[in-house]
Amino acid sequence: MARAKKLFTIGYEQTPSSAVLDELEKAGVKLLVDVRAVASSRRPGFSKNQLAAGLDGRGIAYLHLRGLGTPKDGREAARSGAFETLHKIYSKHLKTPQAREELDELSALVKKSGPVCILCYERDHKQCHRQWIAEIIENRDGVRVENLAAKQV
């Protein structure tokens, strides 16, 4: 019987980009899928172009699936600690055509690509929308989900 594919997740909160890249490389990730609605960051190395360049230097491909990002009202709910509100907002968002299409794209990539990892900001996957994305892919495709955590500074 074939081994189940893995889907990794990682957040970069309080973590330098080099530590995140090291963790991805150590896990054997071949594709990083950025699931932030806005792929920019005040943290050095995590804006879209900087991140893609750093990944490329490690032999890891980069893809931004903006449609799987949290809508603005969901990001505001997360910042205020209203996690239940975030969940309601994000559940509704996942029913949009763009989110459904990008979820299908992610599903296909996990099935056919080397190890895939989804990235967002929050260090704790239990406080991030990527947890729900990973659960959907896990249930739909029978993949195993592993949450990575890079060394903090």
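Remember, predicted model here, so these are calculated numbers, not experimental data. (Residues numbered from 1 in each chain as written. Predicted model: local features only at pLDDT ≥ 70, side-chain atom pairs only at ≥ 80, totals over all residues. Heavy atoms only, no water.)

1. Thoughts on the side chain of R130
Okay, step 1: Along the chain, R130 turns up in helix 6 (residues 130-141).
Okay, step 2: A polar atom in the side chain of R130 sits 2.7 Å from the backbone oxygen of E122. (Helix = DSSP H or I, 4+ residues; strand = E, 2+ residues; numbered from the N terminus. Polar contact = N/O pair within 3.5 Å; in protein donor to acceptor, adjacent residues only side chain to side chain.)

2. Overview of the packing of helix 5 (residues 97-112) against helix 6
Okay, step 1: The geometry of helix 5 relative to helix 6 is characterised by a closest axis approach of 11 Å and an angle of 60 degrees between their N-to-C directions. It follows from the interaxial angle that helix 5 and helix 6 lie oblique. The crossing of helix 5 and helix 6 is right-handed. Each of L103, D104, L106, S107, V110 and K111 in helix 5 lies in contact with helix 6, whose residues at this interface are I133, I136, I137, R140 and D141. (Axes fitted to C-alpha atoms, helices over the stretch in contact; angles between N-to-C directions. Parallel < 35°, antiparallel > 145°, perpendicular 65-115°, else oblique. Left-handed = near helix turned anticlockwise from the far one by under 90°. Contact = heavy atoms within 4.5 Å.)

3. A few points about the pattern of salt bridges
Okay, step 1: Under the criterion given, the structure shown has seven salt bridges.
Okay, step 2: Between D22 and R58 there is a salt bridge, with the nearest N and O atoms lying 2.7 Å from each other. Here R58 lies in the loop between helix 2 (48-56) and strand 3 (61-64) and D22 lies in helix 1 (residues 17-27), a separation of 36 residues in the sequence.
Okay, step 3: The partly exposed category is assigned to D22, whose relative accessible area is 41%.
Okay, step 4: A relative accessible area of 25% places R58 in the partly exposed class.
Okay, step 5: Through salt bridges with shared partners, a single network forms among D22, E25 and R58. (Salt bridge = Lys/Arg side-chain N within 4 Å of Asp/Glu carboxyl O. Buried < 20%, exposed > 50% of the residue type's maximum accessible area, 1.4 Å probe, protein only.)

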